[in-house]
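Structure at a glance
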Number of protein chains: 4
Amino acid sequence: MSANEIRIPKQKRSIEKRTAIINASYDLFCEKGYYRTNTAEIAKAAGVSTGIVYSYFHDKKDILKEVVGLYIFRLEEQFRPIFCSTIDRGNIAVVIEKFIDLSIASHTMNAAAHNEFLALALLNNDIQVLFNHFESKMLETLYEKLVAAGYLGDLLLERLRICYGIIEQLCHEHIRYKRNDVELSNMKSIAISTIVGLLDMAMG
Amino acid sequence: MSANEIRIPKQKRSIEKRTAIINASYDLFCEKGYYRTNTAEIAKAAGVSTGIVYSYFHDKKDILKEVVGLYIFRLEEQFRPIFCSTIDRGNIAVVIEKFIDLSIASHTMNAAAHNEFLALALLNNDIQVLFNHFESKMLETLYEKLVAAGYLGDLLLERLRICYGIIEQLCHEHIRYKRNDVELSNMKSIAISTIVGLLDMAMG
Amino acid sequence: MSANEIRIPKQKRSIEKRTAIINASYDLFCEKGYYRTNTAEIAKAAGVSTGIVYSYFHDKKDILKEVVGLYIFRLEEQFRPIFCSTIDRGNIAVVIEKFIDLSIASHTMNAAAHNEFLALALLNNDIQVLFNHFESKMLETLYEKLVAAGYLGDLLLERLRICYGIIEQLCHEHIRYKRNDVELSNMKSIAISTIVGLLDMAMG
Amino acid sequence: MSANEIRIPKQKRSIEKRTAIINASYDLFCEKGYYRTNTAEIAKAAGVSTGIVYSYFHDKKDILKEVVGLYIFRLEEQFRPIFCSTIDRGNIAVVIEKFIDLSIASHTMNAAAHNEFLALALLNNDIQVLFNHFESKMLETLYEKLVAAGYLGDLLLERLRICYGIIEQLCHEHIRYKRNDVELSNMKSIAISTIVGLLDMAMG
DNA sequence: CATGAATGAGGATTCATTCAT
DNA sequence: AATGAATGAATCCTCATTCAT
């Protein structure tokens, strides 16, 4: 075989370097876009040489995968409060509102990242897979929590997916269009009641 | 100053060339993607010289804008039956189902185009604007039809936007994930009743 | 398909450009070697841009093939007097000597080219094929001339191949080692008489 | 000045490392070729660090020299039976046949090595020198044996060189072209009788 | 108007060699 | 002495755009 293997860094310094490359790439991809960022810029921003980048990553797309992985990891972290809390009949509306607020916040805070990485997912199947995996995991977790809260499984997953679409739409309205606060607030109220309604239909 | 002026073709032959370039680009962008298609290929597929392309378009991105314009024009054509039909209390569920079917059909038939152009819209604001404009126009038309059918305007537009998100989600489920027919059919039923419900809340 | 096809130049200027690239490459490959010559140097020496090189050739190796083709064409030209002359019992020794002199001359004059391209043939099958083809053609032509001169076909081709080896060795002695003139002259005499003997064994 | 000094290993461990590097390189150069083998691969295959390679060798080409040295050493070993045996008038044809068989065998067994190293010799004078030295030594040894067997020195060396060319040609026919067994066998017979004839001419 | 040859900057990747640890 | 991480120059090739004809 060849010796051109990818180094899996174990030592502190190596891990730091790998992380620095990912972080620098993350920022550059958000700022300039993946296609307009070249490997020399990544290396410079990460404070390493161009050559070393290829010790840690197969190629530029490999860096992208890690960057998207990081983006999704951060998404998960932002949603952790939801996943850790328990859902019951009483707090469902509150939980939904919190979920919506978190979704909007994460979309808004990282609008550039969101746009860039979602676009790349559409253009590239390897990236798409990462997003699909995240989405599936999230919906399954919510599904289990709802079942535990007494919501019946009958078509619950299908309902959840539609709820997800409602929330995504809400997020897009925030970052894509310049709606005024009243409109957004009204849409949010409608979204919450629609979602509550959708879930209640699966109630005993 | 004026050397870079773009010709606005008036003569038949010129218009045909411009159209040929757009059509050829449309096909190539769907087949290979925008970034993997070069201008030499476009010219060749359109049966013109590479130089002439720059008489009709400022640059490659300018071609893309026209191609997306064409894509949206075709979308509009597909939805024309809906826009031409009248909506009333009695046929609302039927109209919604038809709208959903058309949405799914247009997404599915042009999955490649949809993915490619949506991605490019996320990466490029000029393209995003075209999509936003289409979406706004469509929702406004529906809005007016609903008002004419007796649906109250109170928050109707906000409701409509949420309905749009539900339908988009349904389409994504068709093209992104390999759901089975039963799941898709169930989601569609849920979507229809949810949308009907959302609109009925705005009923007198 | 793609538009990245290789241009087959028909117009004078294009043919000149293609030829200039091949000639410049020929010289550079002889002077610095194939691996130490980069495409920018080739373009510069040919008086063209780097990009245009790839309009006429698929890649660097494609240039090499043409260069070796040119080398072999020049070899053929040098041997043409032999191929055009007739062989008979009476002049066989003279023809052999002439052939040897031509071989030595062509090896000596283009020692750098010979070394470089023979080496690349050993390293690369596409190039090897060009040389093999030349060698086969040459031997077959000689074979037919000998048959016409009354030499029997029985094992004649095998004999010819051995004669070829003798001449090659003679050439190598000229370019590889610093032999003195007497030695070389003696070797030549031995070679001639050996070859004559080898061919005579196939005489009626 | 002295920082670049190459260690001449005296201790057992050092010698083993040096040898491991040469052996690993030998195999890799045969398998992948010199240009496609990088120093990291060599170090890995030899079980040493990349840095240590530069303690034992000036640079990559220095390794190549040693590898070719090893190749030639192995060649010599294969021919040792010939060099150890005595030649006389009675067994000359047998010895020649044995020499031919050994030559063909060594070429065939190490066709990859033979091609690669011969090519590199053509591209690089330092390597060429190693081969020339081997060839000279071999021919001189044979020369002396022949003289001892009563063959006259008159032009004997020149004859020998031509014989060598005949044998080389025979070997090339084996590894370069796909000749059938009958052809090869015939060529071998012709070669033997030609060589015997060439040597007999120098007989008293 | 039209052509398509020509440009040349730009970009991903490799690898012999060095050097801090 | 030994390591292997790090360097960064070098290279092949692409392609949007221009311009001589």
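About the criteria used
Residues numbered from 1 in each chain as written. Chains lettered and ligands numbered in written order. Predicted model: local features only at pLDDT ≥ 70, side-chain atom pairs only at ≥ 80, totals over all residues. Heavy atoms only, no water. Helix = DSSP H or I, 4+ residues; strand = E, 2+ residues; numbered from the N terminus. Contact = heavy atoms within 4.5 Å. Areas by Shrake-Rupley, 256 points an atom, 1.4 Å probe, with all protein chains shown as cover. Lys, Arg positive; Asp, Glu negative; His and termini not counted. Charge placed at Lys NZ, Arg CZ, Asp CG, Glu CD. Near = heavy atom within 4 Å. Polar contact = N/O pair within 3.5 Å; in protein donor to acceptor, adjacent residues only side chain to side chain. Phe/Tyr/Trp six-rings, centres within 6.5 Å; stacked < 30°, edge-to-face > 60°. Lys NZ or Arg CZ within 6 Å of the ring centre and 35° of its normal. Least-squares fit on C-alpha atoms with pLDDT ≥ 70 in both. Buried area = accessible area lost by both parts, 1.4 Å probe. Salt bridge = Lys/Arg side-chain N within 4 Å of Asp/Glu carboxyl O. Nonpolar A, V, L, I, M, F, W, Y, C, P; charged D, E, K, R; others polar. Expected span 1.5 Å × (residues − 1). UniProt positions renumbered as here; feature names shortened; annotations may be inferred. Axes fitted to C-alpha atoms, helices over the stretch in contact; angles between N-to-C directions. Parallel < 35°, antiparallel > 145°, perpendicular 65-115°, else oblique. Left-handed = near helix turned anticlockwise from the far one by under 90°. Buried < 20%, exposed > 50% of the residue type's maximum accessible area, 1.4 Å probe, protein only. Domains from an automatic or database assignment. Disulfide = S-S within 2.5 Å.

Side note on the overall build of chain A
Helix and strand content of chain A: nine helices and zero strands. Going from N to C terminus, chain A has its helices and strands arranged as α-α-α-α-α-α-α-α-α. Principal axes of the C-alpha set define a box for chain A whose edges measure 60 × 40 × 30 Å. The long-range share in chain A, meaning contacts at least 24 apart out of those at least 6 apart in sequence, stands at 73%. A total accessible area of about 9800 Å² is found for chain A, and carbon and sulfur atoms account for 54% of it. With 24 positive and 25 negative side-chain charges, chain A shows a spacing of 7 Å between the two charge centroids.

Here we look at the protein's contact with DNA strand F
If you check the shell around DNA strand F, you find 33 residues, and the closest are Arg7(A), Lys17(A), Tyr56(A), Thr39(B) and Arg7(D). At a separation of 2.7 Å, a phosphate oxygen of DNA strand F approaches a polar side-chain atom of Tyr56(A). When contributions to the surface near DNA strand F are tallied by element, the ones reaching two or more residues are helix 1 (12–32) and helix 3 (50–56) of chain A, helix 3 (50–56) of chain B, helix 3 (50–56) of chain C together with helix 1 (12–32) and helix 3 (50–56) of chain D.

Observations concerning the packing of aromatic side chains
Under the definition given, this model contains 27 aromatic pairs over all chains. What links up through ring pairs into an aromatic cluster is the set Phe29(A), Tyr34(A), Tyr35(A), Phe29(B), Tyr34(B) and Tyr35(B). Positioned above the aromatic ring of Tyr26(B), the side-chain terminus of Arg74(B) is 4.4 Å from the ring centre. Taking NZ or CZ as reference, Lys60(D) lies 4.4 Å from the ring centre of Tyr34(D), over its face.

Comments concerning the relation of the copies chain A and chain B
Least-squares fitting of chain A to chain B yields an RMSD of 0.4 Å, with the transformation described by 0.1 Å of translation along the axis and a rotation of 178 degrees. The relationship between the two copies is best expressed as a two-fold rotation axis. Residues of chain A ranked by C-alpha distance from the rotation axis are headed by Ala119(A), positioned 2.0 Å from it. Take the interface residues of chain A: 100% of them recur as interface residues in chain B, which is what a same-surface contact looks like.

Some thoughts on the interface of chain A and chain B
Counting residues at the interface gives 30 residues for chain A and 30 residues for chain B. Together chain A and chain B conceal approximately 3200 Å² of surface at their shared face, both sides included; 62% is due to carbon and sulfur atoms. Among the residues of chain A in contact with chain B, Leu122(A), Arg161(A) and Ile162(A) are the three that bury the most area, contributing 20% of the side total. Linking chain A with chain B are four salt bridges, by the criterion used here. Residue Glu183(A) is joined to Arg161(B) by a salt bridge in which the shortest nitrogen-to-oxygen separation is 3.5 Å. Where chain A packs against chain B, one counts eight residue pairs in polar contact (both at pLDDT 80 or more). Mapped by element, the contributors of at least two residues to the side of chain A that touches chain B are helix 6 (111–123), helix 7 (125–148), helix 8 (156–176) and helix 9 (181–200) of chain A. With ten residues, the single largest contributor to the side of chain A that touches chain B is helix 8 of chain A. In the side of chain A that touches chain B, the residues fall into 14 nonpolar, seven polar and nine charged.

Quick notes on helix 6 of chain A
With 13 residues, helix 6 of chain A extends 18 Å between its outermost C-alpha atoms, agreeing within 8% with the 18 Å of an ideal straight helix rising 1.5 Å per residue. Close packing links the buried residues of helix 6 of chain A with helix 1, helix 4 (60–84), helix 5 (92–109), helix 7 and helix 8 of chain A together with helix 6 (111–123) of chain B.

Here we look at the UniProt feature "DNA-binding region" (unreviewed entry) in chain A
Per the UniProt record, "DNA-binding region" (unreviewed entry) is annotated on residues 38–57 of chain A. In residues 38–57 of chain A, helix accounts for 75% and strand for 0%; the two terminal C-alpha atoms are 14 Å from one another.

Comments concerning the arrangement of the chains
No part of chain A reaches chain C; the closest C-alpha pair between them is 20 Å apart. Note that chain B does not reach chain D: the shortest distance linking a C-alpha of one to a C-alpha of the other is 30 Å.

Some words on the environment of Met201(B)
With respect to the helices and strands, Met201(B) occurs in the segment after helix 9 (181–200). Put simply, Met201(B) and Leu155(B) are 46 residues apart on the chain and 9.7 Å apart in space, counted from C-alpha to C-alpha.

Quick look at the protein's contact with DNA strand E
Around DNA strand E, the surrounding shell holds 33 residues, and the nearest of these are Arg7(B), Arg7(C), Lys17(C), Gly51(C) and Tyr56(C). Each atom of DNA strand E within 4 Å of the protein was assigned to sugar, phosphate or base; sugar and phosphate come to 62%. Residue Thr50(C) places a side-chain N or O atom 3.2 Å away from a base nitrogen belonging to DNA strand E. Residues belonging to the surface near DNA strand E are distributed by class as follows: seven nonpolar, 16 polar and ten charged.

Observations regarding the packing of helix 5 (residues 92–109) of chain B against helix 9 of chain B
Residues and elements named next belong to chain B. At their nearest, the axes of helix 5 and helix 9 sit 10 Å apart, and the two run at 130 degrees to each other. One element, helix 5, and the other, helix 9, form an angle in the oblique class. Here the hand of the crossing between helix 5 and helix 9 comes out right-handed. Residues Ile92, Ala93, Ile96, Glu97, Ile100 and Asp101 of helix 5 touch helix 9, and the partners they reach there are Lys188, Ala191, Ile192, Ile195, Val196 and Leu199. Classifying every residue of the contact of helix 5 with helix 9 by side-chain character gives nine nonpolar, no polar and three charged.

Things to note about unusual backbone geometry
Although it is not a glycine, Leu155(A) adopts a positive phi angle of roughly 60 degrees. Counting through the fold element by element, Leu155(A) comes out in the loop between helix 7 and helix 8.

Quick word on the pattern of salt bridges
With the rule as written, the count across this model stands at 40 salt bridges over all chains. When the shortest N-O distance is used, the salt bridge between Glu66(B) and Arg18(B) registers 2.9 Å. Within this pair, whereas Glu66(B) is found in helix 4 (residues 60–84), its partner Arg18(B) is found in helix 1 (residues 12–32), the two being separated by 48 residues in sequence. In this structure Glu66(B) comes out as partly exposed when scored by relative accessible area, which is 28%. Residues participating in the shared-partner salt-bridge network are Glu97(A), Asp101(A) and Lys188(A).

Considering helix 8 (residues 156–176) of chain B
The terminal C-alpha atoms of helix 8 of chain B lie 30 Å apart, and with 21 residues this matches the ideal 30 Å at 1.5 Å per residue to within 8%. Most of helix 8 of chain B is tucked away: 18 of the 21 residues are buried.

Quick word on the packing of helix 4 of chain A against helix 5 of chain A
Residues and elements named next belong to chain A. Between helix 4 and helix 5, the shortest axis-to-axis distance is 10 Å and the interhelical angle comes to 165 degrees. Put simply, helix 4 runs roughly antiparallel to helix 5. At the point where helix 4 passes helix 5, the crossing takes the right-handed sense. For the pair helix 4 and helix 5, the contacting residues are Leu75, Gln78, Phe79, Pro81 and Ile82 in the first and Val95, Lys98, Phe99, Leu102, Ser103, Ser106 and Met109 in the second. Considered class by class, the residues forming the contact of helix 4 with helix 5 number eight nonpolar, three polar and one charged.

Thoughts on the environment of Lys10(C)
All names here are of chain C. Following the sequence through the fold, Lys10 ends up in the segment before helix 1 (12–32). Judged by its relative accessible area of 72%, Lys10 is exposed. Note: C-alpha distance between Lys10 and Ala148 (138 residues apart in sequence) is 40 Å.

Points about the domain arrangement of chain A
Residues and elements named next belong to chain A. Annotation of chain A at the domain level lists domain 1 (1–58) and domain 2 (72–200). Between the C-alpha centres of domain 1 and domain 2 there is a distance of 32 Å. Taken together, both faces of the contact between domain 1 and domain 2 bury some 610 Å²; the carbon and sulfur share is 66%. Three residues stand out in domain 1 for area buried against domain 2, namely Tyr26, Cys30 and Tyr35, and they jointly supply 64% of the buried area on that side. Here domain 1 is connected to domain 2 by zero salt bridges. One can count one residue pair in polar contact (both at pLDDT 80 or more) joining domain 1 with domain 2.

Brief notes about the state of the cysteines
One pass over the full model with this rule turns up zero disulfides over all chains. Cysteine Cys171(C) remains unbridged, with the sulfur of Cys163(C) as its closest cysteine sulfur at 13 Å.

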